[in-house]
Number of protein chains: 4
Amino acid sequence: MPKKIRLGILGGGGDSLIGVLHRVASFINDNYEIVGAVFNPDHEQSLDFAKEIDVPTNRIYKDFDTLIAEEMKLPENERIQVCSILTPNFLHFPMAKKLLDNGFHVICEKPMTTTYEEAKILQETLKEAGTVFAVTHTYTGYPMVRQMREMIKDGVIGKIHKVDAQYYQGWMNPIIHDKEKRGTVWRLDPKKAGISSCMGDIGVHAFNMIEFTTGLQVQSILCDFNYIYDDNVMDMDGTALIRMDKNVKGVIRASQVATGEENNLSIAIYGQKGGLKWEQENPNYLYKLNDPEPLQVYKPGHGYNSKLSLDGTKLPPGHPEGIFDAMANIYLGVAKAIRGEEYNSGEFPTMLDGVRGLNFIENTVASHKQGNIWVDMD
Amino acid sequence: MPKKIRLGILGGGGDSLIGVLHRVASFINDNYEIVGAVFNPDHEQSLDFAKEIDVPTNRIYKDFDTLIAEEMKLPENERIQVCSILTPNFLHFPMAKKLLDNGFHVICEKPMTTTYEEAKILQETLKEAGTVFAVTHTYTGYPMVRQMREMIKDGVIGKIHKVDAQYYQGWMNPIIHDKEKRGTVWRLDPKKAGISSCMGDIGVHAFNMIEFTTGLQVQSILCDFNYIYDDNVMDMDGTALIRMDKNVKGVIRASQVATGEENNLSIAIYGQKGGLKWEQENPNYLYKLNDPEPLQVYKPGHGYNSKLSLDGTKLPPGHPEGIFDAMANIYLGVAKAIRGEEYNSGEFPTMLDGVRGLNFIENTVASHKQGNIWVDMD
Amino acid sequence: MPKKIRLGILGGGGDSLIGVLHRVASFINDNYEIVGAVFNPDHEQSLDFAKEIDVPTNRIYKDFDTLIAEEMKLPENERIQVCSILTPNFLHFPMAKKLLDNGFHVICEKPMTTTYEEAKILQETLKEAGTVFAVTHTYTGYPMVRQMREMIKDGVIGKIHKVDAQYYQGWMNPIIHDKEKRGTVWRLDPKKAGISSCMGDIGVHAFNMIEFTTGLQVQSILCDFNYIYDDNVMDMDGTALIRMDKNVKGVIRASQVATGEENNLSIAIYGQKGGLKWEQENPNYLYKLNDPEPLQVYKPGHGYNSKLSLDGTKLPPGHPEGIFDAMANIYLGVAKAIRGEEYNSGEFPTMLDGVRGLNFIENTVASHKQGNIWVDMD
Amino acid sequence: MPKKIRLGILGGGGDSLIGVLHRVASFINDNYEIVGAVFNPDHEQSLDFAKEIDVPTNRIYKDFDTLIAEEMKLPENERIQVCSILTPNFLHFPMAKKLLDNGFHVICEKPMTTTYEEAKILQETLKEAGTVFAVTHTYTGYPMVRQMREMIKDGVIGKIHKVDAQYYQGWMNPIIHDKEKRGTVWRLDPKKAGISSCMGDIGVHAFNMIEFTTGLQVQSILCDFNYIYDDNVMDMDGTALIRMDKNVKGVIRASQVATGEENNLSIAIYGQKGGLKWEQENPNYLYKLNDPEPLQVYKPGHGYNSKLSLDGTKLPPGHPEGIFDAMANIYLGVAKAIRGEEYNSGEFPTMLDGVRGLNFIENTVASHKQGNIWVDMD
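Residues numbered from 1 in each chain as written. Chains lettered and ligands numbered in written order. Predicted model: local features only at pLDDT ≥ 70, side-chain atom pairs only at ≥ 80, totals over all residues. Heavy atoms only, no water.

## Remarks on the domain arrangement of chain A
Residues and elements named next belong to chain A.
Consideration 1: Each domain of chain A was delimited in the assignment, giving domain 1 (5–138) and domain 2 (142–306 + 350–370).
Consideration 2: Averaged C-alpha coordinates put domain 1 and domain 2 at centres separated by 27 Å.
Consideration 3: Residue-level contacts link 18 residues of domain 1 with 16 residues of domain 2.
Consideration 4: Taking both sides of the interface into account, the surface hidden between domain 1 and domain 2 amounts to around 1400 Å²; carbon and sulfur atoms contribute 65%.
Consideration 5: If you sort the residues of domain 1 by the area they bury against domain 2, K110, Y116 and H137 come out on top, with a joint share of 42%.
Consideration 6: For the pair domain 1 and domain 2, the interface holds one salt bridge.
Consideration 7: Salt-bridge contacts for D201 lead to K110; the nearest nitrogen and oxygen are separated by 3.7 Å.
Consideration 8: For the pair domain 1 and domain 2, the interface holds four residue pairs in polar contact (both at pLDDT 80 or more).
Consideration 9: Broken down by secondary-structure element, the contributors of at least two residues to the side of domain 1 that touches domain 2 are α4 (89–101), α5 (116–129) and β5 (133–135).
Consideration 10: With six residues, the top contributor of residues to the side of domain 1 that touches domain 2 is α5.
Consideration 11: When its residues are assigned to classes, the side of domain 1 that touches domain 2 shows nine nonpolar, seven polar and two charged. (Domains from an automatic or database assignment. Contact = heavy atoms within 4.5 Å. Buried area = accessible area lost by both parts, 1.4 Å probe. Salt bridge = Lys/Arg side-chain N within 4 Å of Asp/Glu carboxyl O. Polar contact = N/O pair within 3.5 Å; in protein donor to acceptor, adjacent residues only side chain to side chain. Helix = DSSP H or I, 4+ residues; strand = E, 2+ residues; numbered from the N terminus. Nonpolar A, V, L, I, M, F, W, Y, C, P; charged D, E, K, R; others polar.)

Laid out in structure tokens, this is it:
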């Protein structure tokens, strides 16, 4: 019997970047085989793409409903076990729900849904289904992010007092500052992109990283947005003051007008005994600030790292791994969960991360719209 | 006739760090000679210190009032021309006021006064006096900070949309987390240290850097503090959302519980055409983010820098200069002003910087105390 | 007809790190399918490994000769097209030779052979075979290394005058300094590891990078080794002075006693108009030194990069890719060559790189043994 | 009696950069007062310069011989105690010799003399004179270089096996590549600049840093130069293989054609237990490589530093100091020596450093001219 998990793909065809990322990630640890897909709304294109990447075409379905219907007819040991949802955001919820209702495991791109309401419904659905559900907050897959989480859990920096996370990008700049473009692009149309651009797309990653690494939860939020132009209704930039449990305060900063920045996601956590800092664009360096000892620089693959971190490194120290490897680590964790093997809760972000992310996004909007007041997280 | 400006020093004796900084800065460009001083409240110690640093003792006065009285008796061409005020904060105002009233030029350590009210009085006094008044926001003296200011002024990054400044320190950590220490140290006693610790001591530098480099003014502030402990009444950490003129938003972050941080003051300004970033601990690097061109790294002493920047560099590229050189640049600017020579307004921070700093500090406290609401700057 | 190239694997079973690297690299661009292998000298272990990574066991052969014999019986459209040789070094030559003799394409780990003599024989064999042959000098697959090559080719830094390459490692330190270990480990036994440890294993990468990026050839070498201990006969450290064509001089430095270094391969090329610097452990940064303009930092995925560089990047700027992606780029180039598609000569290192590498290694040893004299490359 | 040491200055007038560096350094710790000088060969210009920097003109002499003659007439407690020699290189020897013969202390710019022969004569002269003599290898004054020396002395990295030092510059590039300029500039005329350009001017610094930090001596040298052009007789670039005592090998690399480099002096020392790396352009960072522990970054002013390092830092951690502060540390050490106070031998480079520097320079030339053979240091 083949050992590989039978993977279905929804979306991710053609030149889709997210498609490449997930496909490669699924291959990296020899755990998955793509057996079925709807790569594209156009069936012909879907078939062509399957041929291009050399996936058998017999289970390339014309649409999602057909995929469900046909796969359910197959014996369980042939049926798709887990589906990766890489479609436009508004399809995440209905697809995920139907997959769970039919007992499939799910790997869902972020944002998990377009509203918090949907997220909570999905959470209930998952309770019934009892399957494995992962949301691909990819950055949690980096070995040094995992190391950060484990060190904090082990009390290495002591009681936390301050958190600071940033996600700055500049690539949308030419769109934002062009009146015609900003009026027509789907990303700045709330009907298509959801209620928030900057916080919804990237701020939520910073939020997730804080909760992932500290193990604490954000309790309330005060947020201010910048729309930059009066004719623009989506946030291009925002800063959220946050309060976490145990009397911790912090700040989440996100911007899509940070000209020249690429994916400058960085996170700093300061505790009573030390600090930890990490930057996404140099993911293989974790800085441990000590007072009164010298700063230390942790790197992947060394024996001083935690098991969770080491499990996410394939080669010895000095061989840089990147974003594909981070996503692969998440797929590896999901594979363990699907097979019922033991795994660390840090190996992949779950439904709870998805739900909290949507809660965060809606609260930032609410806080801003009500005049920058404190809004409580559920 | 000696060319050097006759400098008086108030405070800065013994092991005073600020004393060394100002003294060295005054020497660096051959512009000043210390002719009189009250280095210490104890006259014997003052005299001893004068001998130690080889300053003639005949004009080491027993107290500030005597200094004024005796100096005013001297002919103008022998009298102290400018006094550097390096005393504890609460003495800045009365000393500065009396100096101005008597027609002296003043170089005043930061914070200029302990209240905004005093600052405004001082501002009026200066109008009458018509002398030169500098507040030593030292960081503005770095060549690459000056370059940043000039590039922004020249429109290199276009219309600004986002500012982000941080000042994180950790050295007070052992004090803050020790109940006995935090209850007794003068820095955490509002009667001695003023109404704010974190924002008053370091946040105000971040604020000043934003206004100095952008040429824009902060218009309103929403601030949240963290006192860390219930028995502590001084802010140890705070984040201020800011709104500037021309529809610019940003954030100022300051912390004294950022364990392991030294003087991590950093500033990022994003405009429509590019971004500029600078960090105090690596002061000789200015990062210019360009989209779609490669990042550029500006360094001091190169011909591509502005005159204002080049005037602050003494050696060719590749010879690192530091904080003493930055302060020396401020003293150089003050010397030009005292001599009536032409100088660039960026050469030293003025009364206005001092007044706005106090306005900022009081507004952060007001915003926090009133429940994190927006408070307007004057 | 499946589109994927039929790949055979020799070695790389079990915990082999090089095995993971090649296997993942072959998957990344959807171009290869593993159809046959001898993963391990022990057939049972080979079969077990095949099951573990879910490769069909029907073409897992008991040894290399059987693989050749059986594959040759298959119709050409089922037969393995290309074999990756990941075995111990001494097997590279006989395997590569027999594969070429039978018309297979070959991807060979480095060093291509154990002697220059063998390398030249292989070169002749390839001429007869006319197949595709790649040597996996993996670092040439990094997008910014490719960019460096293209920029130099385009004359961006002008006529080259100075090259400087370094490969420093420290991981062997505990072995080297332990008398018993260094006397027994295969890596320090010339019979098993070849005539050179430091230059043969890592110095040759630095050599290859210089020739790859500059397009120039090293003409003569003067080398000094350090064996560290009298009872050790393998070089642990060495520096080679080099002279290239067109009056260029430089230096290649390699060390296995650089305690604490991981894979610190770095290269600097200085031309009349500018300089270019790159470091393997931060592979996504290419530094362009300009005089009198500011330093520029090139990063992958931006439109300013060359086609060769962009072809090696899968995601937009700011998504770090690493060593697996670099190797995948080499596999991608080989796939194009096998399919007869157009490709850039920089897409994979060839037989010539392998031959020159062996020539270099033997010359460093010859130079050292003859008293650090100049030795000419062929 | 004034406490300050009476300092004489030879050279360093007008726009002299070295003049500023020494003058500021002498001021920084309140130890010196300039009482006499020959700033310039032209007496009028010398007087003008004295007025410009506000030094009394009564002891501004018309030439060096007059300075000696007149100062010797003064009572000892008024006479210049120490002279800083900042003149063109060929004057260093005769001035230093005559100063020593007359019992003055000397601070001499580098290179100490133009030949090794002169250096040895000076060494003998000093033995007779018994005064204090410092050569300003300025980089040894940086706190983190001093820390490196102390850590190595304390055995922190164990027995040394490998040293690697580099000094790369690019500023001469426009001169070198212009046939007319390179034929006329004094720096490329051996009669005026000495026998070596690149090794003599900058390579010798790298050499000095190795001996200063390791406490070991270079024993033999094999060097290759690059003149770049046939019509050029001065080395523009060179690499020296070195062998030190205790079986240590290493390499010194220097270049004046490293386009775009500023003062890229860097040094790496690897021992059995760890490595230490430092770069002149970021002088406040000392990297300690550990295997198997994380890299550590040492910074000035922290309690974990040695006394020698801490004595060279004036402010708490996080206040960057630079090249002026480094030179000031050397002047501070010289002041202690002149006053007969206790001092650490690392506080200033001595005659021995000067002598060894000249020995090194002549040996690099000898090795190159004789066909890149090993030449022994004395």
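## Some thoughts on helix α3 (residues 64–73) of chain D
All names here are of chain D.
Consideration 1: Within α3, burial applies to F64, T66, L67, I68 and E71.
Consideration 2: Of the surrounding elements, those touching the buried residues of α3 are β1 (5–11), β2 (32–38), β3 (82–86) and α4 (92–101).
Consideration 3: The backbone nitrogen of D65 lies 3.4 Å from a side-chain oxygen of the residue at the head of α3, namely D63. (Buried < 20%, exposed > 50% of the residue type's maximum accessible area, 1.4 Å probe, protein only.)

## A closer look at the sheet that holds strand β4 (residues 105–108) of chain A
All names here are of chain A.
Consideration 1: Taken together, the five strands give an open sheet; going across it, the order is β2-β1-β3-β4-β5, and neighbouring strands pair in parallel fashion. Both outer strands of the open sheet, β2 (32–38) and β5, are each paired with one neighbouring strand and no more. Looking at each pair of strands side by side, their axes are set apart by 20 degrees on average, direction ignored.
Consideration 2: Relative to β4, strand β3 (residues 82–86) runs parallel, the two being bridged by four bridges. From the neighbouring strand, C83 faces β4, where its bridge partner is V106.
Consideration 3: On top of the sheet, helix α3 (residues 64–73) reaches β1 (5–11), β2 and β3; it is set at about 125 degrees to β2, its chief contact. (Pairing = 2+ DSSP bridges. Axes fitted to C-alpha atoms, helices over the stretch in contact; angles between N-to-C directions.)

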